[in-house]
Amino acid sequence: MSNVPVAVVTGSNKGIGFAIVRALCKQFPGDVYLTARDPGRGQEAVAKLQEEGLHALFHQLDIDDLQSIRALRDFLKEKYGGLNVLVNNAGIAFKVRDTTPFAIQAEVTLKTNFFGTRNVCTELLPLVKPYGKVVNVSSMVSSSALGGCSRELQQKFRSDTITEDELVELMTKFVEDTKKSVHEKEGWPNTAYGVSKIGVTVLSRIQARMLNEKRKGDHILLNACCPGWVRTDMAGPKATKSPDEGAETPVYLALLPSDADGPHGQFLSNKTVRTW
Ligand code: NAP
(Lines give C-alpha, C1' and ligand atoms only; values in the text may rest on other atoms or scores of the structure.)
Protein backbone atom coordinates (compact mmCIF):
# COMPACT_ATOMS: atom_id res chain seq x y z
CA MET A 1 0.00 0.00 0.00
CA SER A 2 1.29 3.45 -0.96
CA ASN A 3 1.81 6.13 1.68
CA VAL A 4 1.73 8.88 -0.94
CA PRO A 5 -1.04 11.46 -0.35
CA VAL A 6 -3.82 11.25 -2.93
CA ALA A 7 -6.32 13.76 -4.34
CA VAL A 8 -9.39 12.97 -6.44
CA VAL A 9 -11.40 15.43 -8.56
CA THR A 10 -14.75 14.35 -10.02
CA GLY A 11 -15.82 15.42 -13.50
CA SER A 12 -12.36 16.67 -14.39
CA ASN A 13 -11.91 15.90 -18.09
CA LYS A 14 -12.82 19.51 -18.91
CA GLY A 15 -13.92 22.86 -17.51
CA ILE A 16 -13.32 23.83 -13.88
CA GLY A 17 -12.54 20.25 -12.80
CA PHE A 18 -9.74 20.04 -15.35
CA ALA A 19 -8.34 23.37 -14.11
CA ILE A 20 -8.52 22.11 -10.51
CA VAL A 21 -6.49 19.03 -11.49
CA ARG A 22 -3.97 21.27 -13.31
CA ALA A 23 -3.51 23.41 -10.17
CA LEU A 24 -3.29 20.37 -7.88
CA CYS A 25 -0.65 18.79 -10.15
CA LYS A 26 1.43 21.92 -9.53
CA GLN A 27 0.75 22.29 -5.79
CA PHE A 28 -0.43 19.05 -4.18
CA PRO A 29 2.39 16.91 -2.78
CA GLY A 30 1.10 13.55 -3.96
CA ASP A 31 -0.87 11.66 -6.62
CA VAL A 32 -3.65 13.59 -8.36
CA TYR A 33 -6.48 11.67 -10.01
CA LEU A 34 -8.31 13.17 -12.95
CA THR A 35 -11.59 11.27 -13.21
CA ALA A 36 -14.17 11.16 -15.98
CA ARG A 37 -17.25 9.12 -16.79
CA ASP A 38 -15.85 8.52 -20.27
CA PRO A 39 -12.36 6.93 -20.23
CA GLY A 40 -11.55 8.27 -23.71
CA ARG A 41 -12.24 11.88 -22.72
CA GLY A 42 -10.40 11.31 -19.44
CA GLN A 43 -7.24 9.90 -21.03
CA GLU A 44 -7.25 12.71 -23.58
CA ALA A 45 -7.34 15.25 -20.74
CA VAL A 46 -4.46 13.49 -18.95
CA ALA A 47 -2.46 13.64 -22.22
CA LYS A 48 -3.20 17.38 -22.52
CA LEU A 49 -1.73 17.95 -19.05
CA GLN A 50 1.25 15.77 -19.96
CA GLU A 51 1.96 18.20 -22.82
CA GLU A 52 2.11 20.95 -20.18
CA GLY A 53 4.64 18.86 -18.25
CA LEU A 54 2.09 17.89 -15.59
CA HIS A 55 1.47 14.37 -14.37
CA ALA A 56 -2.10 13.42 -13.47
CA LEU A 57 -3.31 9.85 -13.03
CA PHE A 58 -6.64 8.63 -14.40
CA HIS A 59 -9.52 6.65 -12.93
CA GLN A 60 -12.97 6.21 -14.42
CA LEU A 61 -15.83 7.69 -12.37
CA ASP A 62 -19.46 8.23 -13.33
CA ILE A 63 -21.14 9.75 -10.31
CA ASP A 64 -24.55 8.56 -11.61
CA ASP A 65 -23.35 4.96 -11.34
CA LEU A 66 -22.99 3.40 -7.89
CA GLN A 67 -20.86 0.55 -9.26
CA SER A 68 -18.42 3.03 -10.75
CA ILE A 69 -18.23 4.95 -7.44
CA ARG A 70 -17.61 1.73 -5.51
CA ALA A 71 -14.92 0.61 -7.96
CA LEU A 72 -13.05 3.88 -7.27
CA ARG A 73 -13.61 3.44 -3.53
CA ASP A 74 -12.14 -0.08 -3.58
CA PHE A 75 -9.20 1.07 -5.71
CA LEU A 76 -8.36 3.92 -3.30
CA LYS A 77 -8.74 1.69 -0.28
CA GLU A 78 -6.45 -0.95 -1.69
CA LYS A 79 -3.79 1.26 -3.28
CA TYR A 80 -3.64 4.13 -0.74
CA GLY A 81 -5.65 2.98 2.28
CA GLY A 82 -7.93 6.01 1.82
CA LEU A 83 -7.66 9.49 0.34
CA ASN A 84 -6.53 12.94 1.43
CA VAL A 85 -8.41 15.36 -0.83
CA LEU A 86 -11.80 14.93 -2.50
CA VAL A 87 -13.20 17.61 -4.80
CA ASN A 88 -16.80 16.96 -5.82
CA ASN A 89 -16.91 19.03 -8.99
CA ALA A 90 -18.94 16.97 -11.48
CA GLY A 91 -22.23 18.62 -12.37
CA ILE A 92 -24.68 19.33 -15.16
CA ALA A 93 -27.00 22.15 -16.16
CA PHE A 94 -29.62 22.37 -18.87
CA LYS A 95 -29.25 25.40 -21.13
CA VAL A 96 -31.78 28.19 -20.48
CA ARG A 97 -33.30 27.68 -23.93
CA ASP A 98 -33.61 23.89 -23.57
CA THR A 99 -37.20 22.83 -24.19
CA THR A 100 -37.02 19.56 -22.20
CA PRO A 101 -40.07 19.50 -19.87
CA PHE A 102 -39.24 21.03 -16.48
CA ALA A 103 -40.07 17.83 -14.57
CA ILE A 104 -37.50 15.90 -16.64
CA GLN A 105 -34.91 18.66 -16.18
CA ALA A 106 -35.56 18.48 -12.44
CA GLU A 107 -35.15 14.70 -12.29
CA VAL A 108 -32.01 14.59 -14.44
CA THR A 109 -30.34 17.59 -12.76
CA LEU A 110 -31.03 16.37 -9.22
CA LYS A 111 -29.89 12.87 -10.14
CA THR A 112 -26.34 14.00 -10.91
CA ASN A 113 -25.81 17.22 -8.96
CA PHE A 114 -27.42 16.14 -5.71
CA PHE A 115 -27.94 12.38 -5.57
CA GLY A 116 -24.73 11.54 -7.49
CA THR A 117 -22.63 13.88 -5.35
CA ARG A 118 -24.23 12.44 -2.22
CA ASN A 119 -23.47 8.88 -3.32
CA VAL A 120 -19.81 9.80 -3.87
CA CYS A 121 -19.73 11.29 -0.36
CA THR A 122 -21.42 8.26 1.19
CA GLU A 123 -18.82 5.93 -0.33
CA LEU A 124 -15.69 8.08 -0.10
CA LEU A 125 -16.04 10.22 3.05
CA PRO A 126 -15.36 7.26 5.36
CA LEU A 127 -12.04 6.84 3.50
CA VAL A 128 -10.88 10.42 4.00
CA LYS A 129 -7.77 10.40 6.18
CA PRO A 130 -7.11 12.66 9.17
CA TYR A 131 -6.33 16.26 8.10
CA GLY A 132 -8.10 15.54 4.79
CA LYS A 133 -10.03 18.15 2.83
CA VAL A 134 -13.38 17.81 1.07
CA VAL A 135 -14.64 20.45 -1.35
CA ASN A 136 -18.15 20.35 -2.79
CA VAL A 137 -18.52 22.61 -5.81
CA SER A 138 -21.90 24.27 -5.44
CA SER A 139 -22.90 27.68 -6.83
CA MET A 140 -24.01 31.17 -5.82
CA VAL A 141 -27.20 30.08 -7.57
CA SER A 142 -27.83 27.95 -4.45
CA SER A 143 -28.08 31.19 -2.43
CA SER A 144 -30.35 32.95 -4.91
CA ALA A 145 -32.53 29.83 -5.22
CA LEU A 146 -32.73 29.67 -1.41
CA GLY A 147 -34.05 33.25 -1.48
CA GLY A 148 -36.73 32.06 -3.93
CA CYS A 149 -37.97 29.31 -1.56
CA SER A 150 -40.96 29.70 0.75
CA ARG A 151 -40.16 30.87 4.30
CA GLU A 152 -40.85 27.37 5.55
CA LEU A 153 -38.37 25.79 3.12
CA GLN A 154 -35.77 28.49 3.81
CA GLN A 155 -36.02 27.73 7.49
CA LYS A 156 -35.47 24.01 6.84
CA PHE A 157 -32.49 24.60 4.54
CA ARG A 158 -30.87 27.00 7.01
CA SER A 159 -31.51 24.74 10.00
CA ASP A 160 -28.53 23.56 12.04
CA THR A 161 -30.33 20.34 12.91
CA ILE A 162 -31.63 19.16 9.51
CA THR A 163 -30.54 15.56 8.87
CA GLU A 164 -29.25 14.03 5.63
CA ASP A 165 -32.41 11.88 5.45
CA GLU A 166 -34.61 14.98 5.76
CA LEU A 167 -32.61 16.72 3.02
CA VAL A 168 -32.94 13.68 0.74
CA GLU A 169 -36.69 13.67 1.41
CA LEU A 170 -36.94 17.35 0.45
CA MET A 171 -34.90 16.90 -2.75
CA THR A 172 -37.06 13.90 -3.68
CA LYS A 173 -40.21 15.94 -2.96
CA PHE A 174 -39.03 18.72 -5.29
CA VAL A 175 -38.71 16.24 -8.18
CA GLU A 176 -42.12 14.75 -7.38
CA ASP A 177 -43.72 18.21 -7.08
CA THR A 178 -42.41 19.18 -10.54
CA LYS A 179 -44.03 16.03 -11.98
CA LYS A 180 -47.37 17.11 -10.52
CA SER A 181 -46.72 20.74 -11.58
CA VAL A 182 -47.23 21.85 -7.97
CA HIS A 183 -43.63 22.82 -7.15
CA GLU A 184 -44.31 26.57 -7.10
CA LYS A 185 -47.41 26.11 -4.98
CA GLU A 186 -45.27 23.98 -2.63
CA GLY A 187 -42.82 26.85 -2.17
CA TRP A 188 -40.03 25.85 -4.61
CA PRO A 189 -38.24 28.27 -6.92
CA ASN A 190 -38.48 27.67 -10.67
CA THR A 191 -34.90 26.41 -11.07
CA ALA A 192 -33.88 22.76 -11.08
CA TYR A 193 -30.18 23.64 -11.11
CA GLY A 194 -30.70 26.07 -8.22
CA VAL A 195 -32.51 23.48 -6.10
CA SER A 196 -29.85 20.86 -6.89
CA LYS A 197 -27.17 23.27 -5.64
CA ILE A 198 -29.21 24.12 -2.51
CA GLY A 199 -28.95 20.38 -1.95
CA VAL A 200 -25.15 20.42 -2.37
CA THR A 201 -24.66 23.39 -0.02
CA VAL A 202 -26.97 22.02 2.68
CA LEU A 203 -25.46 18.53 2.34
CA SER A 204 -22.03 20.07 2.97
CA ARG A 205 -23.28 21.80 6.12
CA ILE A 206 -24.73 18.51 7.39
CA GLN A 207 -21.61 16.50 6.55
CA ALA A 208 -19.37 19.02 8.31
CA ARG A 209 -21.60 18.75 11.39
CA MET A 210 -21.39 14.94 11.26
CA LEU A 211 -17.59 15.11 11.05
CA ASN A 212 -17.63 17.33 14.15
CA GLU A 213 -19.79 14.81 15.97
CA LYS A 214 -18.15 11.58 14.86
CA ARG A 215 -14.55 12.36 13.84
CA LYS A 216 -13.66 15.54 15.71
CA GLY A 217 -10.08 14.43 16.35
CA ASP A 218 -9.44 13.83 12.64
CA HIS A 219 -9.32 17.56 11.75
CA ILE A 220 -11.01 17.03 8.37
CA LEU A 221 -12.22 20.28 6.77
CA LEU A 222 -15.26 20.08 4.49
CA ASN A 223 -16.78 23.06 2.66
CA ALA A 224 -18.98 24.04 -0.25
CA CYS A 225 -18.00 26.79 -2.66
CA CYS A 226 -18.88 28.70 -5.80
CA PRO A 227 -16.14 28.90 -8.43
CA GLY A 228 -17.61 32.12 -9.86
CA TRP A 229 -18.99 32.61 -13.35
CA VAL A 230 -16.55 30.61 -15.46
CA ARG A 231 -16.03 30.22 -19.22
CA THR A 232 -16.79 26.53 -19.69
CA ASP A 233 -19.18 24.48 -21.83
CA MET A 234 -21.69 24.90 -19.00
CA ALA A 235 -21.63 28.69 -18.65
CA GLY A 236 -20.49 29.73 -22.14
CA PRO A 237 -17.90 32.17 -23.50
CA LYS A 238 -19.36 35.34 -21.96
CA ALA A 239 -18.58 34.31 -18.38
CA THR A 240 -16.09 36.51 -16.54
CA LYS A 241 -13.53 34.00 -15.20
CA SER A 242 -11.14 31.64 -16.96
CA PRO A 243 -11.27 27.99 -15.80
CA ASP A 244 -7.96 28.51 -13.95
CA GLU A 245 -9.49 31.49 -12.10
CA GLY A 246 -12.60 29.41 -11.38
CA ALA A 247 -10.38 26.74 -9.83
CA GLU A 248 -8.85 29.17 -7.31
CA THR A 249 -11.42 28.89 -4.50
CA PRO A 250 -11.87 25.09 -4.76
CA VAL A 251 -8.06 24.64 -4.79
CA TYR A 252 -7.63 27.02 -1.86
CA LEU A 253 -10.06 24.85 0.13
CA ALA A 254 -8.41 21.62 -1.05
CA LEU A 255 -4.99 22.84 0.10
CA LEU A 256 -5.83 24.46 3.46
CA PRO A 257 -2.81 23.95 5.73
CA SER A 258 -2.91 21.07 8.21
CA ASP A 259 -2.91 23.49 11.18
CA ALA A 260 -6.00 25.36 9.89
CA ASP A 261 -9.13 24.82 11.99
CA GLY A 262 -11.40 26.47 9.43
CA PRO A 263 -13.23 27.23 7.29
CA HIS A 264 -15.35 24.14 7.94
CA GLY A 265 -19.01 23.58 7.04
CA GLN A 266 -19.10 26.91 5.20
CA PHE A 267 -20.12 28.16 1.77
CA LEU A 268 -17.41 30.29 0.13
CA SER A 269 -16.91 32.31 -3.02
CA ASN A 270 -13.75 34.23 -3.93
CA LYS A 271 -12.11 32.52 -0.92
CA THR A 272 -14.53 34.32 1.38
CA VAL A 273 -17.13 32.75 3.69
CA ARG A 274 -20.67 33.79 2.65
CA THR A 275 -23.73 33.93 4.85
CA TRP A 276 -26.13 31.08 4.09
P1 NAP B 1 -18.57 21.61 -17.62
O2 NAP B 1 -17.50 22.28 -18.40
O3 NAP B 1 -19.85 21.27 -18.27
O4 NAP B 1 -17.91 20.31 -16.95
C5 NAP B 1 -18.67 19.46 -16.16
C6 NAP B 1 -17.86 18.22 -15.88
O7 NAP B 1 -18.66 17.33 -15.08
C8 NAP B 1 -17.48 17.44 -17.14
O9 NAP B 1 -16.21 16.88 -16.99
C10 NAP B 1 -18.55 16.38 -17.20
O11 NAP B 1 -18.16 15.23 -17.93
C12 NAP B 1 -18.67 16.07 -15.73
N13 NAP B 1 -19.86 15.27 -15.40
C14 NAP B 1 -21.15 15.54 -15.66
N15 NAP B 1 -21.93 14.52 -15.24
C16 NAP B 1 -21.09 13.59 -14.71
C17 NAP B 1 -21.27 12.32 -14.14
N18 NAP B 1 -22.47 11.76 -14.02
N19 NAP B 1 -20.18 11.66 -13.67
C20 NAP B 1 -18.95 12.20 -13.78
N21 NAP B 1 -18.71 13.37 -14.35
C22 NAP B 1 -19.77 14.06 -14.82
O23 NAP B 1 -18.98 22.49 -16.35
P24 NAP B 1 -18.12 23.43 -15.38
O25 NAP B 1 -18.56 24.82 -15.64
O26 NAP B 1 -16.70 23.08 -15.43
O27 NAP B 1 -18.75 23.01 -13.98
C28 NAP B 1 -18.04 22.34 -12.95
C29 NAP B 1 -18.79 22.51 -11.65
O30 NAP B 1 -18.87 23.90 -11.31
C31 NAP B 1 -20.25 22.04 -11.71
O32 NAP B 1 -20.59 21.42 -10.49
C33 NAP B 1 -21.02 23.32 -11.90
O34 NAP B 1 -22.35 23.21 -11.45
C35 NAP B 1 -20.21 24.27 -11.05
N36 NAP B 1 -20.37 25.69 -11.35
C37 NAP B 1 -20.02 26.20 -12.57
C38 NAP B 1 -20.14 27.56 -12.82
C39 NAP B 1 -19.72 28.19 -14.12
O40 NAP B 1 -19.90 29.40 -14.29
N41 NAP B 1 -19.16 27.44 -15.06
C42 NAP B 1 -20.68 28.41 -11.83
C43 NAP B 1 -21.04 27.86 -10.60
C44 NAP B 1 -20.86 26.51 -10.36
P45 NAP B 1 -18.55 15.00 -19.50
O46 NAP B 1 -17.50 15.71 -20.30
O47 NAP B 1 -18.53 13.52 -19.64
O48 NAP B 1 -19.91 15.59 -19.71
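Residues numbered from 1 in each chain as written. Predicted model: local features only at pLDDT ≥ 70, side-chain atom pairs only at ≥ 80, totals over all residues. Heavy atoms only, no water.

- In the annotation of an unreviewed UniProt entry, the entry for the protein reads carbonyl reductase (NADPH), and the organism field reads Scopus umbretta.
- Looking at the protein in UniProt, the text filed under Subcellular location (unreviewed entry) is "Cytoplasm".
- Annotation of the protein in UniProt includes, under Sequence similarities (unreviewed entry), the sentence "Belongs to the short-chain dehydrogenases/reductases (SDR) family." (UniProt positions renumbered as here; feature names shortened; annotations may be inferred.)

Focus: the site of the ligand
Right, so step 1: Taken together, 29 residues form the shell around the ligand, and within it Arg37, Asn89, Tyr193, Val230 and Thr232 come nearest.
Right, so step 2: In the model, an oxygen atom of the ligand is placed 2.8 Å from a nitrogen or oxygen of the asparagine 13 side chain.
Right, so step 3: For the ligand, the protein covers 94% of the area, taking 900 Å² as the surface of the free molecule.
Right, so step 4: Of all the elements in the fold, those that place two or more residues in the shell around the ligand are helix H1 (15–27) and helix H8 (192–214).
Right, so step 5: Considering only residue class, the shell around the ligand consists of twelve nonpolar, ten polar and seven charged. (Near = heavy atom within 4 Å. Polar contact = N/O pair within 3.5 Å; in protein donor to acceptor, adjacent residues only side chain to side chain. Areas by Shrake-Rupley, 256 points an atom, 1.4 Å probe, with all protein chains shown as cover. Helix = DSSP H or I, 4+ residues; strand = E, 2+ residues; numbered from the N terminus. Nonpolar A, V, L, I, M, F, W, Y, C, P; charged D, E, K, R; others polar.)

Focus: the side chain of aspartate 177
Right, so step 1: Summarising the element assignment, aspartate 177 is placed in helix H7 (residues 164–179).
Right, so step 2: Sequence-distant contacts of aspartate 177, defined by excluding residues within four places in its chain, comprise Val182, His183, Glu186 and Trp188. (Contact = heavy atoms within 4.5 Å.)

Details of the packing of helix H4 (residues 102–124) against H8
Right, so step 1: Running from N to C, H4 and H8 point in directions that differ by 20°, and their axes come no closer than 8 Å. Relative to H8, the element H4 lies roughly parallel. Here the hand of the crossing between H4 and H8 comes out right-handed. Seen from H4, the contacting residues are Phe102, Gln105, Ala106, Thr109, Leu110, Asn113, Phe114, Arg118 and Cys121; seen from H8, they are Ala192, Tyr193, Ser196, Lys197, Gly199, Val200, Leu203 and Gln207.
Right, so step 2: In terms of residue class, the contact of H4 with H8 is made up of nine nonpolar, six polar and two charged. (Axes fitted to C-alpha atoms, helices over the stretch in contact; angles between N-to-C directions. Parallel < 35°, antiparallel > 145°, perpendicular 65-115°, else oblique. Left-handed = near helix turned anticlockwise from the far one by under 90°.)

Overview of the pattern of salt bridges
Right, so step 1: Under the criterion given, the structure shown has 13 salt bridges.
Right, so step 2: Arginine 22 is the salt-bridge partner of glutamate 52, the closest N and O atoms lying 2.9 Å from each other. Here the residue glutamate 52 occupies a position in the loop between helix H2 (39–51) and strand E3 (57–60), and arginine 22 occupies one in helix H1, the gap between them amounting to 30 residues.
Right, so step 3: Glutamate 186 is the salt-bridge partner of lysine 173, the closest N and O atoms lying 2.8 Å from each other. With lysine 173 in helix H7 and glutamate 186 in the loop between H7 and H8, this residue pair connects regions lying 13 residues apart in the sequence.
Right, so step 4: Relative accessible area serves as the criterion here: at 30%, lysine 173 is assigned to the partly exposed category.
Right, so step 5: Each of Arg70, Arg73, Asp74 and Glu123 takes part in salt bridges that share partners, so that together they form one network. (Salt bridge = Lys/Arg side-chain N within 4 Å of Asp/Glu carboxyl O. Buried < 20%, exposed > 50% of the residue type's maximum accessible area, 1.4 Å probe, protein only.)

Things to note about the environment of serine 143
Right, so step 1: Along the chain, serine 143 falls in helix H5 (residues 140–147).
Right, so step 2: For serine 143 and valine 195, which are 52 residues apart along the polypeptide, the C-alpha to C-alpha distance reads 9.6 Å.
Right, so step 3: Residues in contact with serine 143, not counting those within four places in the same chain, are Phe267 and Trp276.

Some thoughts on the packing of H1 against H2
Right, so step 1: Two elements in contact, H1 and H2, have axes separated by 11 Å at closest approach and are oriented at 40°. Considered as vectors, H1 and H2 are oriented oblique to each other. In terms of crossing hand, the pair formed by H1 and H2 is right-handed. For the pair H1 and H2, contact is made by Phe18, Val21 and Arg22 and by Ala45, Lys48 and Leu49, respectively.
Right, so step 2: Taken together, the residues that form the contact of H1 with H2 break down as four nonpolar, no polar and two charged.

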